[in-house]
Amino acid sequence: MIEIKNLYKSYNGNPVLNNMNLTINRNEILVILGRSGVGKSVLLKHIIGIEQPDSGSVFINNVNITTLKAPKIYEVVQNMGMLFQNAALFDSMNIEQNTGFYLSHNKDPLTKKFLTKEEKKERVVSALKMVDLENDLKKMPSDLSGGMKKRAALARMIAYRPDILLYDEPTTGLDPITSQHINELIVKIQNELRGTSIIVTHDIHSAWFIADRLALHRDGRIAFIDTPNNFIEIDDPEIAYLKKSLTCYPRGRTEGEKNV
Ligand SMILES: Nc1ncnc2c1ncn2[C@@H]1O[C@H](COP(=O)(O)OP(=O)(O)O)[C@@H](O)[C@H]1O
Ligand SMILES: [Mg+2]
């Protein structure tokens, strides 16, 4: 379980996280929606411990990581994986090397042992199979399309088998079909690893497909959090816009009305 308590962070006097509170349950897929610049990436960076708050706490399985220093903090966050917004592949490594990177440098989060060469290869290939890149092992990141890069970055995260998976805008900048492929992969990965997934996005279609619960990040706080069906009915102008963009018919036309 992840508990965020009164988390406060400001940059140049502007509070980005303004006493935020949020509890994320084990085994759920929580999608956090929010407009660009509200602080979604900043929130994820606090959860994985690469940003320090001004005040407040982040508890990961009852351990407050905000008071931990290296190397203690690494013990807690080694159970986490993050898909960065720009995929963040290593340009000088091929897809196979990228996918095996964490496994080469870290012990397995479950067994606390380094994998053998053979075990590593098996993990890497099975992760790449899951994202349909098993025939692209030797390609370099510069040879890949945007969607393939995201899938390769996903494979790198899956190969490591973290318990907590953080996704920063996994579908931003992708075409709708590739986006849906990524959405389905996120759900498949969750079912396979049985971890906890947190996705931040401004893509309501993606959120609607993936989420067990939906949250809205606004003014440095979680303004609302609920199951998708309840969330979308909340009486709020921003949620009304999100709902409108989910309807099947253009410009609010109803079934039977002709497109004229
Ligand atoms: N390291 C930083 N230094 C200064 N300002 C930052 C830093 N990181 C984020 N910010 C600011 O915090 C705000 C929220 O950023 P971000 O979390 O990236 O938004 P988004 O919701 O689009 O992911 C932005 O105004 C951004 O400029
Ligand atoms: Mg962001």
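Treat the numbers as computed from the prediction; the structure is a model and nothing was measured. (Residues numbered from 1 in each chain as written. Chains lettered and ligands numbered in written order. Predicted model: local features only at pLDDT ≥ 70, side-chain atom pairs only at ≥ 80, totals over all residues.)

## Comments concerning the overall build of the protein chain
- Helices and strands together make up the secondary structure of the protein chain, namely nine helices and 10 strands.
- Over its C-alpha trace the protein chain gives a radius of gyration of 19 Å, about what one expects of a compact globule, namely 18 Å for 260 residues.
- By the burial criterion, 34% of the 260 residues in the protein chain qualify as buried.
- Look at the contacts in the protein chain between residues 6 or more apart in sequence, and 68% of them connect residues 24 or more apart. (Helix = DSSP H or I, 4+ residues; strand = E, 2+ residues; numbered from the N terminus. Rg over C-alpha atoms; globule rule 2.2 N^0.38 Å. Buried ≥ 20, exposed ≤ 12 C-beta atoms within 10 Å, placed from the backbone. Contact = placed C-beta atoms within 7 Å.)

## Things to note about the sheet that holds strand S3 (residues 29-33)
- The strand order across the open sheet built from six strands is S6-S7-S8-S3-S9-S10, with neighbouring strands paired in mixed fashion. Where the open sheet ends on each side, the last strands, each with one partner, are strand S6 (80-83) and strand S10 (221-226). On average, adjacent strands in this sheet sit at an angle of 20° to one another, irrespective of strand direction.
- Bridge analysis of S3 against strand S9 (residues 213-218) gives four bridges, and the strand direction is parallel. For Ile32, the partnering residue across the bridge sits in S9 and is Ala215. (Pairing = 2+ DSSP bridges. Axes fitted to C-alpha atoms, helices over the stretch in contact; angles between N-to-C directions.)

## Points about the site of ligand 1
- Contacts to ligand 1 come from Tyr11, Val16, Gly34, Ser36, Gly37, Val38, Gly39, Lys40, Ser41 and Val42.
- Among the elements that take part in the shell around ligand 1, helix H1 (residues 40-47) stands out by supplying three residues, more than any other.
- Among the residues forming the shell around ligand 1, the class breakdown is four nonpolar, five polar and one charged. (Near = placed C-beta within 6 Å. Nonpolar A, V, L, I, M, F, W, Y, C, P; charged D, E, K, R; others polar.)

## Details of the environment of Ile177
- Note that Ile177 resides in helix H6 (residues 176-193).
- Given 8 C-beta atoms within 10 Å, Ile177 falls into the exposed group.
- Taking the C-alpha atoms as reference, Ile177 lies 9.8 Å from Gly147; in sequence the two are 30 residues apart.

## Quick word on the domain arrangement of the protein chain
- For the protein chain, the domain assignment lists domain 1 (1-29 + 45-71) and domain 2 (78-164 + 174-196).
- Placing a centre on the C-alpha atoms of domain 1 and another on those of domain 2 gives a separation of 25 Å.
- Taken together, the contacts link seven residues of domain 1 with five residues of domain 2.
- Looking at the side of domain 1 that touches domain 2 residue by residue, the classes come out as four nonpolar, one polar and two charged. (Domains from an automatic or database assignment.)

## Looking at helix H5 (residues 146-160)
- With 15 residues, H5 extends 22 Å from end C-alpha to end C-alpha; this agrees with the ideal 21 Å at 1.5 Å per step.
- In terms of burial, H5 is a largely internal element, 12 of the 15 residues being buried.
- For H5, the set of buried residues is Lys149, Lys150, Arg151, Ala152, Ala153, Leu154, Ala155, Arg156, Met157, Ile158, Ala159 and Tyr160.
- Tucked into the core, H5 has its buried residues touching S6, helix H3 (95-105), helix H4 (117-130), strand S7 (164-168) and H6. (Expected span 1.5 Å × (residues − 1).)

## What to know about the sheet that holds strand S5 (residues 63-64)
- Strand order in the open sheet formed by four strands is S2-S1-S4-S5, with antiparallel pairing between adjacent strands. Only two strands of the sheet have a single partner each, and these edge strands are strand S2 (14-24) and S5.
- Bridge count for strand S4 (residues 55-60) against S5 is two bridges, and the pairing is antiparallel. Paired with Phe59 across the two strands is Asn64, which belongs to S5.
- On top of the sheet, H1 reaches strand S1 (2-11), S2 and S4; it is set at about 125° to S1, its chief contact.

## A closer look at the packing of H4 against H5
- With their axes 8 Å apart at the nearest point, H4 and H5 run at an angle of 135° to one another. Comparing the axis directions of H4 and H5 gives the class oblique. In this structure, H4 crosses over H5, and the sense of that crossing is right-handed. Only Ala155, Ile158 and Ala159 of H5 make contact with H4, whose side of the interface consists of Arg123, Val124, Ala127, Leu128 and Met130.
- When grouped by side-chain class, the residues that make up the contact of H4 with H5 number seven nonpolar, no polar and one charged. (Parallel < 35°, antiparallel > 145°, perpendicular 65-115°, else oblique. Left-handed = near helix turned anticlockwise from the far one by under 90°.)

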